[in-house]
Amino acid sequence: MTKSHFSVILHVDDKHSHLTKMIINKGPGIMKMKRKLPTTVSGWGALALFFVTILSLPTLFLIFRVFQPPSENWEHIREYMLQSYITDTLLLALWTGVFAVAIGTTLAWLVSAYDFPLRGTLKWALLMPLAIPPYIGAYTYHGMLNYTGVIQVTLREHFDTAVSQRYFDIMNMPGAVFIFTLFLYPYVYAITRAFFASQATSLVENARVLGSGPVRIFLRVVIPIARGAIVAGATLVVLEVLNDYGVVSYFGIQTFSTAIFQTWFAFGDLDAAIKLAGILMGIVFILLFLEKLLRGRRQFSYSNTKVSPLKPVPLKGWHKWMAVFYTGIIFTLGFFLPVAQLLYWSFLTYEDIFSNTFLALIRNSALAAGISAAGVVIIAIVIANFARMSKGWLPALTSRLTVLGYSIPGAVIAVGVISFFISMDEWLGAFYSSVGASTNLVLSTSIVMLLFAYIIRFMAVGYNSIEAGFDKIGMKFNEASRTLGMGWTETFLRVDLKMIRPAIFSGFILVFVDILKELPLTLILRPFNFETLASMAYRYASDERIQEAAPASIFIVLVSGVAMFIFHIIIEKEPN
Amino acid sequence: MHVQISDLQFHYPSSSSPTIRDFSLYMQEGEIVSILGESGSGKSTILRLIAGLERPEKGSIRVGNQVYCEDNRSFLPVEKRGIGMVFQDYALFPHMTVEQNVMFGLKRWKRTERLQRVDEMLELIHMEEYRKRYPYELSGGQQQRVALTRALAPKPSLLLLDEPFSNLDAHLQQRIRDELRDTIKHTGTTTIFVTHDEEDARVLADRVVLVEKGGVKQVGRPCDLLRKSLQDRYQQTPIQV
């Protein structure tokens, strides 16, 4: 299994179960350690450890600095604001999680177990909302619903009705939950659907034979057996909510992300920002721990060798139309409407927007995403190759640390990277002045900082793709090559690397698209005057120039939509 | 080249009991030995130990004058051993043609010698006209012959075969067994092959090593050993009249 955002997500998620296994198998792992590694392996290992250390340094730095004595601002924040940050962040995450699970699970079950008109199309169309980053969805909906938006205008002009403004205000907590749910439920949908497709058949068919009704089957059989998948999906949704900056700042909701931005940009207080980031990271770790607890010992593996897909039962009468309506309305709200609106706005404004500046935005985005994605893929190949070359705790720990960045919210990574780079600059200060540089801030004002942060954040996406590629080819070609006299490195270049090309390609594309959509890291870490499509779209939108934000947004949505569509086709073609 | 294996011991980290216990074997140059055993008997692990794909905890392996490994003191990595190995599912490189596959192990040879060797080997297995084909364009039997050729091309000091017939149709096995024996005898390579099929062992091997639970149960000429195993079987299951 490779490709697609979703299978990547599945892998991210397999990592968690991998850790449990690792802990359980601790005994033999230590035995393995005693065996000496051949020299080439230690060469690869040294390189892998070097990369992992560099990538973990900002996070370690952050943890270290959280415990420094607090500043005056911090006392103020702690006393008057911290509680509302925590409540708002948790409320937002909790409600989004609940609604995303409700929608994602029911949709996945409907599409897996029943047949109704348009099912084949909707099966993948229901993934598409993931192509729209929530911040773009947020201002698109705001633009549609506000006084000059399409809905109120239509009501006024064609029906001559004026409804009170408060019914159209979505810039509040329930509005944010609505936006997040609408654009993030596909995580739950994708993982549970994949689970139903591979695991549920025999259990569900047994329940049917035993005469259970559909509602009973769903509540008593489907939900419990899919618990692991549902929890995994919900965790990803909540992590995305904690990572978000665009939606909450646009809607004026105080969460940790916005608070970190403010203390850093408005107060210029890095120490207080670090403390907030530390608390947010603590929340994330508690969440990951809860996930493990909730999933319990029930891992995905129910697998018997014969995997037959669930045979969908045709729906009849009004049940059929209810199913079409429910799936259709989610797709319309989550993809069709926002895209139509963005296209319309783009049509209105493209003449002003499409200029050299816009081309420069595309170039900036493509360059930043391309360089970082290449970095991710190269580092992932080195680490994944080390992990398959040798066994034991060290490679296992290495690959765990590699994928850690995906759980850490962007604002936290940003603060970690900034403080790390500033220290590096202080440390290199003597060197800068000896070569005659006029400033001490060289690294921390360069684009290197942004690219570095992208690599940390999206390492897991690329790594899981590469690792899946290695898993797929297995060890036999590698072993065959070595019996023919090729060492590890030669084998890697002549055999392994050539055979995992598809995985390299898909890893690169997935990371590229993720970086294209990324907002919080880009906003905090971009060098002066460096704008990307995402940052520009966000800037236009927050200046209430929503229509001008549309061309850049639609560009992002189309690129990620096309990438998702291609991966979907590849996955469907591939058995298993 | 002659082979001297003494007191090999090994266990996989995941299992508590040793996978291989006190395995010893002496082979003369050019001999074909079959390691016969049921699945789970550890026979494939023995092959992987000899190849250098796993590292034994104890024991030594010598081939000719070369020490492959000796207890914990020395371990020659697989790529330095100069062995040839045919894998159960052949492991032909899918991104290379037949010719490139066969040439893969000859990288340190001179160009002219390399080309000559490939011609010679493909002729030996009657597959000259398939040299530009890719593995997926070949039948199972052809793939097996290419895999054997690839392993033999660099003139290995020892040839290892892991269940070489398990992926072939039953009606092909007889012919391919004979072909394989001819090819190996033609090159005079010392050979160890692993199988669970007594018939394979009878047709191919000069000598059979019967393994059970990771240790040697019996060694002998195929005819003696198999006759005995047949006798045992009849004694265990009384014939009902």
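This is a predicted model, so every value here is computed, not measured.

So, about the overall build of chain B. Looking only at helices and strands, one finds 7 helices and 11 strands in chain B. Against the compact-globule benchmark of 18 Å for 241 residues, chain B has a radius of gyration of 19 Å, which places it among compact chains. Seen through its C-alpha atoms, chain B measures out along the principal axes to roughly 60 × 55 × 35 Å. Approximately 11700 Å² of chain B is accessible, and the part contributed by carbon and sulfur atoms is 46%. Taking the average place of the 33 positive charges on the side chains of chain B and the average place of its 33 negative ones, the gap between the two points comes to 4 Å.

This part is about the packing of helix α4 (residues 72-113) of chain A against helix α10 (residues 214-225) of chain A. Residues and elements named next belong to chain A. At a closest axis distance of 12 Å, the pairing of α4 and α10 adopts a crossing angle of 105°. When the axis of α4 is compared with that of α10, the two are roughly perpendicular. When α4 is examined against α10, the residues Thr105, Thr106 and Trp109 are found in contact with a partner set consisting of Ile217, Phe218, Val222 and Ile223. Split into classes, the residues belonging to the contact of α4 with α10 amount to 5 nonpolar, 2 polar and no charged.

On to the environment of A:Arg220, then. If you trace the backbone, A:Arg220 turns up in helix α10. Taking the C-alpha atoms as reference points, A:Arg220 and A:Ala207, 13 residues apart in sequence, are found 9.6 Å from one another.

Moving on, we get to the pairing of strand β3 (residues 32-36) of chain B. Residues and elements named next belong to chain B. Among the 5 residues of β3, 5 are classified as buried, and the element is accordingly described as predominantly covered. Because side chains alternate across β3, one face comprises the buried residues Ile32, Ser34 and Leu36, and the other comprises Val33 and Ile35, equally buried. Where β3 meets strand β9 (residues 191-195), 5 bridges bridge the pair, whose relative direction is parallel. Across the sheet, Ser34 pairs through a bridge with Phe193, a residue of β9. Alignment of β3 against strand β10 (residues 207-212), held across 4 bridges, turns out to be parallel.

A:Trp109, A:Leu525 and B:Phe23 are the most contacted members of the largest nonpolar core, which totals 220 residues. Of the residues forming this core, the biggest block, 16 residues, is contributed by helix α20 (residues 448-473) of chain A. There are two domains that each give this core at least three residues, and those are domain 1 (1-14 + 40-68 + 354-542) and domain 2 (70-345) of chain A. If we ignore the near neighbours within four places in the chain, the residues touching A:Trp109 are A:Tyr114, A:Phe196, A:Val204, A:Ile217, A:Phe218, A:Val222 and A:Leu310.

Right, let's get into the domain arrangement of chain A. Residue and element names in this part refer to chain A. What the domain assignment reports for chain A is domain 1 (1-14 + 40-68 + 354-542) and domain 2 (70-345). Its C-alpha centre places domain 1 at a distance of 27 Å from the equivalent point of domain 2. With 35 residues of domain 1 at the contact, the number on the domain 2 side is 41 residues. Carbon and sulfur atoms supply 74% of the area buried between domain 1 and domain 2, which totals about 3300 Å² over both sides. Connecting domain 1 to domain 2 are 1 salt bridge. Taking the shortest distance from any N to any O, the salt bridge between Arg65 and Asp271 comes out at 2.8 Å. Counting the contacts that link domain 1 with domain 2 gives 7 residue pairs in polar contact (both at pLDDT 80 or more).

For the rest of this paragraph, the subject is empty space enclosed by the protein. Residues and elements named next belong to chain A. By the definition in use, this model includes 10 cavities of 30 Å³ or more. Taken as a whole, the largest cavity holds about 330 Å³ of empty space. Taken together, 22 residues form the lining of the largest cavity, with Pro133, Pro134, Glu240, Asn243 and Lys517 sitting closest to its centre. Mapped onto the lining of the largest cavity, the elements with two or more residues apiece are α6 (134-145), α8 (173-199), α11 (227-243), α20 and α23 (501-517). With 4 residues, the top contributor of residues to the lining of the largest cavity is α8. Here the residues of the lining of the largest cavity are counted per class, giving 14 nonpolar, 2 polar and 6 charged.

Attention shifts here to the packing of aromatic side chains. Taken as a whole and judged by the stated rule, the model has 27 aromatic pairs over all chains. Ring centres of A:Phe358 and A:Phe555 lie 6.4 Å apart, and the angle between their planes is 85°; on these two criteria the pair is classed as edge-to-face. With a gap of 197 residues between them, A:Phe358 in helix α16 (residues 356-389) and A:Phe555 in helix α26 (residues 546-573) connect regions that are remote in the sequence. On the basis of an interplanar angle of 45° and a centroid distance of 6.5 Å, the ring pair of A:Phe477 and B:Phe93 is categorised as tilted. Separated into two different chains, A:Phe477 in helix α21 (residues 476-483) and B:Phe93 in the loop between β7 (83-86) and α2 (98-103) make up a pair that spans both.

Before going further, it helps to spend a moment on a nonpolar patch on the surface. Together, A:Leu91, A:Leu94, A:Trp95, A:Val98 and A:Phe99 give the surface a local cluster of nonpolar side chains, amounting to about 470 Å² of exposed area. With respect to the secondary-structure elements, A:Leu91 resides in helix α4.

Oppositely charged side chains can form a pair if their charged atoms are brought close together. Residue and element names in this part refer to chain B. Inspection of every chain in the model, using the stated rule, returns 25 salt bridges over all chains. One salt bridge in this structure joins Glu70 and Arg73, with 4.0 Å as the shortest N-O distance. What makes Arg73 exposed here is its relative accessible area of 64%. Salt bridges sharing common partners tie together Glu99, Asp119, Arg131 and Lys132.

So, on to α11(A). Taking 1.5 Å per residue as the helical rise, α11(A) with its 17 residues ought to reach 24 Å, and the 24 Å between its terminal C-alpha atoms agrees with that figure. The buried fraction of α11(A) is high, at 16 of 17 residues.

Next up on the list: unusual backbone geometry. Its identity is not glycine, yet A:Glu544 carries a phi of approximately 60°, on the positive side. Of note, A:Glu544 is situated in the loop between α25 (533-542) and α26. Although it is not a glycine, B:His126 adopts a positive phi angle of roughly 55°. Inspection of the secondary structure assignment puts B:His126 in the loop between α3 (111-124) and α4 (140-152). Under the relative-accessibility criterion, B:His126 is labelled exposed at 59%.

What follows is about the interface of chain B and chain A. The interface of chain B with chain A comprises 25 residues on the first partner and 23 residues on the second. For the pairing of chain B and chain A, the buried interface totals around 2200 Å² over both sides, and the portion due to carbon and sulfur atoms is 63%. Together, B:Pro13, B:Glu79 and B:Phe104 form the three largest contributors to the area buried by chain B at its contact with chain A, with a combined 27%. If you look at where chain B meets chain A, you find 3 salt bridges. The interface formed by chain B and chain A includes 4 residue pairs in polar contact (both at pLDDT 80 or more).

Looking now at the UniProt feature "domain: ABC transmembrane type-1" (unreviewed entry) in chain A. UniProt tags residues 86-291 and 362-567 of chain A as "domain: ABC transmembrane type-1" (unreviewed entry). The span residues 362-567 of chain A is 80% helical and 0% strand by assignment, and the distance between its end C-alpha atoms comes to 23 Å.

Residues and elements named next belong to chain A. Their axes nearest at 4 Å, the elements helix α22 (residues 488-499) and α23 cross at an angle of 55°. Between α22 and α23, the interaxial angle falls into the category oblique. Taken together, the residues of α23 that come into contact with α22 (itself represented by Leu497, Lys498 and Met499) are Arg501, Pro502 and Ile504. Of the residues assigned to the contact of α22 with α23, the class counts are 4 nonpolar, no polar and 2 charged.

Quick notes on the rules
All residue numbers refer to position in the chain's written sequence, counted from 1. Key to labels: chains lettered from A, ligands numbered from 1, both in the order written. Residues qualify for local features only when their pLDDT is at least 70, as the model is predicted, and side-chain atom pairs are given and counted only at 80 or more; totals for whole chains, interfaces and linings, by contrast, use all residues. In computing side-chain values, all of the structure's heavy atoms are included and hydrogens and water are not. Secondary structure elements are taken from DSSP: a helix is a run of H or I of four residues or more, a strand is a run of E of two residues or more, and numbering for both begins at the N terminus. Based on C-alpha atoms, the radius of gyration is set beside the globule rule, defined as 2.2 Å times the residue count to the power 0.38. Calculation of accessible area relied on Shrake-Rupley with a 1.4 Å probe; when residues are assessed, cover is drawn exclusively from the protein chains displayed. In this tally, Lys and Arg are treated as positive and Asp and Glu as negative; His is ignored, and so are the chain termini. The location of each charge is read from NZ of Lys, CZ of Arg, CG of Asp or CD of Glu. Structural elements are reduced to axes, namely lines fitted to C-alpha atoms, with helices fitted over the stretch in contact, and the angle between N-to-C directions of any two is expressed from 0 to 180 degrees. Working rule for angles: under 35 degrees goes down as roughly parallel, over 145 as roughly antiparallel, 65 to 115 as roughly perpendicular, anything else as oblique. By the convention used here, residues are in contact when the closest approach between their heavy atoms is within 4.5 Å. Residues were grouped as follows: Ala, Val, Leu, Ile, Met, Phe, Trp, Tyr, Cys and Pro as nonpolar; Asp, Glu, Lys and Arg as charged; and all remaining residues, including Gly, as polar. With a 1.4 Å probe rolled over the protein chains alone, any residue whose accessible area is under 20% of its type maximum counts as buried; one over 50% counts as exposed, and the rest are partly exposed. Two strands make a pair as long as DSSP finds a minimum of two bridges between them. Among the buried residues, those of types Ala, Val, Leu, Ile, Met, Phe, Trp, Tyr and Cys that are joined through side-chain atoms within 4.5 Å form a nonpolar core. Segmentation of the chain into domains, including their bounds, is taken from an automatic or database domain assignment. Computed with a 1.4 Å rolling probe, the buried area is the accessible surface lost when two parts are put together, summed over both parts. Each salt bridge in this description consists of a side-chain nitrogen of Lys or Arg and a carboxyl oxygen of Asp or Glu lying within 4 Å of one another. For the purposes of these results, a polar contact is taken to be a pair of N or O atoms within 3.5 Å, where, inside protein, one atom must be able to donate a hydrogen and its partner to accept one; residues adjacent in sequence count only when each atom of the pair is a side-chain atom. Computed over the protein atoms alone on a 1 Å grid, cavities are sets of points where a 1.4 Å probe fits but cannot get out and pockets are open sets with protein on both sides within 12 Å along at least five of seven lines; a residue lines them when it has an atom within 4 Å of a point. Grid points are joined across faces, edges and corners, and a volume is the space filled by probe spheres set on the points. When two rings of Phe, Tyr or Trp (its six-membered ring) have centres within 6.5 Å they constitute a pair, described as stacked for plane angles under 30 degrees, edge-to-face for angles over 60, and tilted for the intermediate range. For patch building, the residue pool is restricted to those with more than 30% relative accessible area and no salt bridge; the joining distance is 9 Å between like charges and 5 Å between nonpolar side chains (Val, Leu, Ile, Met, Phe, Trp, Tyr). A helix is expected to span 1.5 Å for every residue after the first. UniProt positions are given in the numbering used here, feature names are shortened, and annotations may be inferred rather than shown by experiment.

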